[in-house]
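# Structural features, examined
One-letter residues, chain by chain:
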There are 2 protein chains.
Amino acid sequence: MYRDNLVKILVDVSDEEINRVWMREEDSYLPAVEIGAVVRAAGLARVVESRRDGVAVGDLVMGMPGWQDYWSIGPDEMANVIPPGFEITDILSIYGGTGMTAWFGIEDVCALQPGETFVVSGAAGAVGSVAGQLAKAKGASPVIGIAGGPAKCAWVVDELGFDVCIDYKSEDVPARLAELAPEGIDVYFDNVGGEILDAVLGNLAIGARIAVCGAISTYNLDEAPGIHNYANLIMQRARMEGFLILDYVDSFMEGIMGLAPLVTEGKVKYAVEVVDGLEHAPETLNRLFTGDHTGKLIVGVGE
Amino acid sequence: MYRDNLVKILVDVSDEEINRVWMREEDSYLPAVEIGAVVRAAGLARVVESRRDGVAVGDLVMGMPGWQDYWSIGPDEMANVIPPGFEITDILSIYGGTGMTAWFGIEDVCALQPGETFVVSGAAGAVGSVAGQLAKAKGASPVIGIAGGPAKCAWVVDELGFDVCIDYKSEDVPARLAELAPEGIDVYFDNVGGEILDAVLGNLAIGARIAVCGAISTYNLDEAPGIHNYANLIMQRARMEGFLILDYVDSFMEGIMGLAPLVTEGKVKYAVEVVDGLEHAPETLNRLFTGDHTGKLIVGVGE
């Protein structure tokens, strides 16, 4: 392989549950990762050697380094140099795919309006926690989170300012949604799929919009649990739309400019946990499925 | 009750499967029909007595007469006088809710483009048969119908000009869709829900749009069969959107002007069957569920 850039990977992100999808046998929006190949993952790397114009030793570059110690970037491979002044963990969380997913999901896919009833699942996750705060900042009311366990629910309400959080592990989600959104849900930001998606479909307002961002409850199953309330899309003239942040890469600067003031004013907070050591990547990825984390999980590689 | 207009109902339409939804115990987009009340239905009636300005004896009015011999229209009830020159059966089919549902589903909800791969279920039904012909007229390719039985499939292909029709009663729908749309389905006009919807969700092209018009396979069930392939909405950045023709009433003239030339040129054909006698309304409605009909079913009341 022609070696255009040889980079030392500083930080390798377990980029959401989506890594898990790439490991399935069938292709998704990218070809399946082959057995024996480097596990695909988005990340950030420090350049240790460069033969590409505009990329210097010491630069931070963002792209798809995968789970490895060194990343050799081919001539056609995407690797964007990050301007100085950013925190490394911020680039992989709030100003990276995570924050951008929340931003464009709310702004573009949902087109959330002030006063609308908003629900987000995976509310204590990297994307969900930012999405709920953005909804609050845009004037949605109420902003309802759904998360697993009292600690996550408390964090989402007390620290992040959600109006309320439903603990799906101990509460009856359809009953609570009916109680909290008696006129129906206007906008749902879906990170989980499955039964929770079905519960929301059963309680839509007219003209509702569902941004389908993830379906983490289903990725480890051979067949996703069925959803039954889809005919409600007709009755409520509602829309369900899937999106991938890859399609918004050219608009990232717009999203960063929109998010930065909210972060600075403290209206959008975010949690990042860095796990050191590439050898911890598999178990760290699994924590996305057991629910044993809050906010963004990143794996650190090298110094 | 104040009697504004007393009308003799000439034609009463079993207006698609949607009548069935109104008879469920729960409210839908309209309140549930109460036990003992007149069964709600769209239709056309001839005025036999009038105290409303602009409505004369002999006029044809369109509205919601329901299953009864005479319809007394209250002062606030909608009843539009139909201009002369239309065939009665056309007003209740191609230039009524049926044709308009196909038109706005294709033009507005799906925004179908030339060259796109198009699939419609209930292809021999009143709405589906028109939707497929509109798709063909717009240059979609291929135009794939899904219907039950060889007679309906033959009608759809030989008479209406669909490129192909899958017989869901004897063929493997997912396998046939994969074969006929190897690059994925761009637009799906869904009249049935259930397993066929799931099969289409499993074979979407990037940027696919699903217009959710009906879910007739589910209306007689306590719980709709689950759909499992919804996470494909994410992978393919696809959209699923429900709609009701009631929301397009103000744009009907635009739809009629769009359809009329296609009907005149013979590019859009339609089948109408009139069953005489109000006493046949229940069994005629049931034929929507057994599949024992082609095109539009209308019940005639009175002379």
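The structure presented is a predicted model; accordingly, all values stated were derived computationally and were not measured. (Residues numbered from 1 in each chain as written. Chains lettered and ligands numbered in written order. Predicted model: local features only at pLDDT ≥ 70, side-chain atom pairs only at ≥ 80, totals over all residues.)

In this section: unusual backbone geometry. Residues and elements named next belong to chain A. S141 connects to P142 through a cis peptide bond whose omega is -5°. Within the fold, P142 resides in the loop between α4 (126-137) and β7 (143-147). For R237, which is not a glycine, the phi torsion comes out positive at approximately 45°. On the secondary structure map, R237 appears in the loop between α8 (232-235) and β11 (239-242). (Helix = DSSP H or I, 4+ residues; strand = E, 2+ residues; numbered from the N terminus.)

Residues and elements named next belong to chain A. Two strands pair when backbone bridges link them, and strand β2 (residues 43-50) and strand β3 (residues 60-63) are joined in this way by four bridges, in the antiparallel orientation. Across the sheet, the residue bridging to L44 is M62, located in β3. By the bridge criterion, three bridges tie β3 to strand β5 (residues 79-81) in an arrangement that is antiparallel. If you follow G63 over to β5, its bridge partner there is A79. (Pairing = 2+ DSSP bridges.)

On to the packing of helix α3 (residues 97-109) of chain B against helix α9 (residues 252-264) of chain B, then. Geometrically, a packed helix pair is captured by the angle between its two axes and the distance between the axes. Residues and elements named next belong to chain B. Two numbers describe how α3 lies on α9: the axes approach to 10 Å, and their chain directions differ by 90°. Between α3 and α9, the angle is such that the two are roughly perpendicular. Of the residues in α9, those touching α3 at G99, M100, W103 and F104 are F252, G255, G258 and L259. Class assignment for the residues of the contact of α3 with α9 results in five nonpolar, three polar and no charged. (Axes fitted to C-alpha atoms, helices over the stretch in contact; angles between N-to-C directions. Parallel < 35°, antiparallel > 145°, perpendicular 65-115°, else oblique. Contact = placed C-beta atoms within 7 Å. Nonpolar A, V, L, I, M, F, W, Y, C, P; charged D, E, K, R; others polar.)

The next thing to look at is the interface of chain B and chain A. Counting residues at the interface gives 28 residues for chain B and 28 residues for chain A. Put simply, the parts of the chain that give the side of chain B that touches chain A at least two residues each are α8 (232-235) and β11 (239-242) of chain B. Take the side of chain B that touches chain A: its biggest share by element is four residues, from β11 of chain B. Grouping the amino acids of the side of chain B that touches chain A by side-chain chemistry returns 15 nonpolar, eight polar and five charged.

Next up on the list: helix α9 (residues 252-264) of chain A. With 13 residues, α9 of chain A should cover 18 Å at 1.5 Å per step; its first-to-last C-alpha distance of 18 Å lies within 8% of that length. Positive backbone phi, approximately 80°, marks G266 of chain A, located one or two places after α9 of chain A. (Expected span 1.5 Å × (residues − 1).)

Here we come to the environment of G99 of chain B. Residue and element names in this part refer to chain B. Position of G99 among the secondary structure elements: in helix α3. You can call G99 buried: it has 31 C-beta atoms within 10 Å. Expressed as a C-alpha distance, the spacing of G99 and I245, which sit 146 residues apart in the sequence, is 10.0 Å. Those residues within four positions of G99 in sequence are excluded, and the remaining contacts are S93, I94, V130 and L259. (Buried ≥ 20, exposed ≤ 12 C-beta atoms within 10 Å, placed from the backbone.)

A separate point is the relation of the copies chain B and chain A. After a rotation of 180° and a shift along the axis of 0.0 Å, chain B superposes on chain A with an RMSD of 0.1 Å. Put plainly, the chains are arranged around a two-fold axis. Of every C-alpha in chain B, the one belonging to G226 of chain B sits nearest the axis of rotation, 1.9 Å from it. Looking at chain B, 100% of its interface residues are interface residues in chain A too, so the copies touch through the same face. (Least-squares fit on C-alpha atoms with pLDDT ≥ 70 in both.)

To continue, consider the sheet that holds β11 of chain A. Across the sheet, which stays open at both edges, the 12 strands sit in the order β8(A)-β7(A)-β6(A)-β9(A)-β10(A)-β11(A)-β11(B)-β10(B)-β9(B)-β6(B)-β7(B)-β8(B) with mixed pairing between neighbours. Two strands bound the open sheet, and with one partner strand each, they are β8 (164-167) of chain A together with β8 (164-167) of chain B. The sheet shows a mean angle of 15° between the axes of neighbouring strands, direction not considered. In the sheet, strand β10 (residues 204-212) of chain B pairs with β11 of chain B via four bridges, with the strands oriented parallel. Bridging from a neighbouring strand, I210 of chain B pairs with M240 of chain B of β11 of chain B. Of the strands in this sheet, β6 (118-121), β7 and β9 (185-190) of chain A touch α4 of chain A, which is tilted by about 170° from β6 of chain A. Set on the sheet, helix α5 (residues 150-159) of chain B makes contact with β7 (143-147) and β8 of chain B; between it and β8 of chain B the angle comes to about 170°.

A few words on the confidence of the model for chain A. All names here are of chain A. Summary statistics for chain A give a mean pLDDT of 84 and a share of 87% for residues scoring 70 or more. For residues 1-18, every residue scores under 50 in pLDDT, and the model assigns this stretch 87 contacts once sequence neighbours within four places are set aside. With a pTM of 0.82, the predicted complex shows an ipTM of 0.80. (pLDDT = per-residue confidence, 0-100.)

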